[in-house]
Amino acid sequence: MLQARMGSATLPGGVLMPLARAPMIARQIERAARARRIDTLVVVTTLSAEDDAIETAVRREATLVHRGPANDQLARLAGALSAYPADHVVLLEDGAPLIDPEIIDAAIDLHLTSHADHTSNRSPGAAYPVGQGVEVITAAGLRRMAGEGATALPRASEAPPTPDRWSSMALLAEPDQGAVRWAVEGPADYAFVAAVYDALYPSNRAFTSADVRAFLASREDLATFGGARRL
């Protein structure tokens, strides 16, 4: 489930801003769809009128959409799960057009082989970059949280509530990359990611995280672009 909304305090409408001549959400769909372990990709957004544009853009990509209440994230996710049943749910955030399908697959593999209730790759001290976040949760666990009255998931770096009833696993990055910012949360982030796409996408639409790092190693001006750590 790729969660997307038009509302953003720092970059309103960023999810539809262009990258390599297509909306950002389309580029993220394109990358997530390359993950071998994802069976069905659904974009989850709200019933707010401003998010009509997301539905239009996503359907143009022949991708499924589910919409739910704007003020209840878990209700939206649980509704999407009811509409498109699965045993496990992969959670992705919008504003991550550099998401690496190999990292998605690695998180899913760890989750399934460990039989965990919840798996994340944003564990403090051994986290993947911001913008490469992946969470996997059992369908039963998602339904349980929604049924207990919560309206939002815990932060990706936190284990779900009631740890005595949960088993959590972490996909660890070595070395820690938690301070690296590849997510699009503001104008400088967008300019950075646009530069990456302009350089890599024309010759390799399936560029990887390693390709991004190699490119940044040759571009000192981008390594700390916008005052953020990018490499």
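Since the structure is predicted, the reported quantities are computational estimates derived from the model, not experimental observations.

### Some details on the overall build of the protein chain
Next up, step 1: The helix and strand tally for the protein chain stands at eight helices and nine strands.
Next up, step 2: With the C-alpha coordinates aligned to their principal axes, the bounding extent of the protein chain is approximately 50 × 40 × 30 Å.
Next up, step 3: Here the contacts in the protein chain between residues at least 6 apart in sequence split such that 65% fall between residues at least 24 apart.
Next up, step 4: When the accessible area of the protein chain is evaluated, it comes to approximately 10,500 Å², of which 52% is carbon and sulfur surface.
Next up, step 5: For the protein chain, the distance from the average site of its 22 positive side-chain charges to the average site of its 28 negative ones is 3 Å.

### Here we look at the packing of aromatic side chains
Next up, step 1: Following the criterion strictly, the structure yields two aromatic pairs and no others.
Next up, step 2: An angle of 80° between the planes, with centres 5.2 Å apart, marks the rings of Tyr 197 and Phe 207 as edge-to-face. Here Phe 207 lies in the loop between helix H6 (187-200) and helix H7 (209-217) and Tyr 197 lies in helix H6, a separation of 10 residues in the sequence. There is no split in this pair, since Tyr 197 and Phe 207 are both buried.
Next up, step 3: Grouped by ring-pair contacts, the aromatic residues Tyr 197, Tyr 201 and Phe 207 constitute a single cluster.
Next up, step 4: The residue whose ring lies beneath Arg 144 is Trp 166, and the NZ or CZ to ring-centre distance is 5.0 Å.
Next up, step 5: Sitting above the plane of the Phe 192 ring, Arg 230 keeps its charged end 4.6 Å from the centroid.

### A short note on the nonpolar core
Next up, step 1: One finds Ile 25, Ile 104 and Val 134 to be the most contacted residues of the largest nonpolar core, which totals 27 residues.
Next up, step 2: For this core, the element with the most residues is helix H4 (residues 101-114), which contributes four residues.
Next up, step 3: Non-local contacts of Ile 25, meaning those with residues more than four positions away in its chain, are made with Leu 2, Ala 4, Val 15, Leu 16, Ala 57 and Val 58.
Next up, step 4: Grouped together as the second largest cluster of nonpolar side chains are 21 residues, Ala 20, Trp 182, Tyr 190 and Phe 192 included.

### Points about helix H5 (residues 139-147)
Next up, step 1: All of the buried residues along H5 are Ala 139, Gly 141, Leu 142 and Met 145. Viewed end-on, H5 has its buried residues packed into an arc of 165°, placing them on one side of the element.
Next up, step 2: Buried-residue contacts for H5 involve helix H3 (73-83), strand E6 (88-93) and strand E8 (135-138).
Next up, step 3: Positioned one or two residues after H5, Gly 149 has a phi angle of 95°, which is positive.

### As for the packing of H6 against H7
Next up, step 1: Running from N to C, H6 and H7 point in directions that differ by 100°, and their axes come no closer than 11 Å. Taken as axis vectors, H6 and H7 run roughly perpendicular relative to one another. From H6, Phe 192, Ala 195, Val 196, Ala 199 and Leu 200 reach across to H7, where they touch Asp 211, Val 212, Phe 215 and Leu 216.
Next up, step 2: Classifying every residue of the contact of H6 with H7 by side-chain character gives eight nonpolar, no polar and one charged.

### Description of helix H1 (residues 24-32)
Next up, step 1: Of all nine residues in H1, eight are buried, a share of seventy percent or more.
Next up, step 2: Considered for burial, the residues of H1 that qualify are Met 24, Ile 25, Ala 26, Arg 27, Gln 28, Ile 29, Arg 31 and Ala 32.

### Here's the deal with the pairing of strand E4 (residues 42-46)
Next up, step 1: Where burial is concerned, most of E4 is hidden: five out of the five residues are buried.
Next up, step 2: Here E4 shows two buried faces, one formed by Val 42, Val 44 and Thr 46 and the other by Val 43 and Thr 45.
Next up, step 3: Here strand E1 (residues 2-3) runs beside E4; their pairing, made up of two bridges, is parallel. Counterpart to Leu 2 in the pairing with E4 is Val 43.
Next up, step 4: Bridging between E4 and strand E5 (residues 64-68) involves five bridges; their strand directions are parallel.

Each value, and the rule that gives it
- Residues numbered from 1 in each chain as written.
- Predicted model: local features only at pLDDT ≥ 70, side-chain atom pairs only at ≥ 80, totals over all residues.
- Heavy atoms only, no water.
- Helix = DSSP H or I, 4+ residues; strand = E, 2+ residues; numbered from the N terminus.
- Contact = heavy atoms within 4.5 Å.
- Areas by Shrake-Rupley, 256 points an atom, 1.4 Å probe, with all protein chains shown as cover.
- Lys, Arg positive; Asp, Glu negative; His and termini not counted.
- Charge placed at Lys NZ, Arg CZ, Asp CG, Glu CD.
- Phe/Tyr/Trp six-rings, centres within 6.5 Å; stacked < 30°, edge-to-face > 60°.
- Buried < 20%, exposed > 50% of the residue type's maximum accessible area, 1.4 Å probe, protein only.
- Lys NZ or Arg CZ within 6 Å of the ring centre and 35° of its normal.
- Core = buried A, V, L, I, M, F, W, Y, C linked by side-chain atoms within 4.5 Å.
- Arc of directions from axis to C-beta.
- Axes fitted to C-alpha atoms, helices over the stretch in contact; angles between N-to-C directions.
- Parallel < 35°, antiparallel > 145°, perpendicular 65-115°, else oblique.
- Nonpolar A, V, L, I, M, F, W, Y, C, P; charged D, E, K, R; others polar.
- Pairing = 2+ DSSP bridges.

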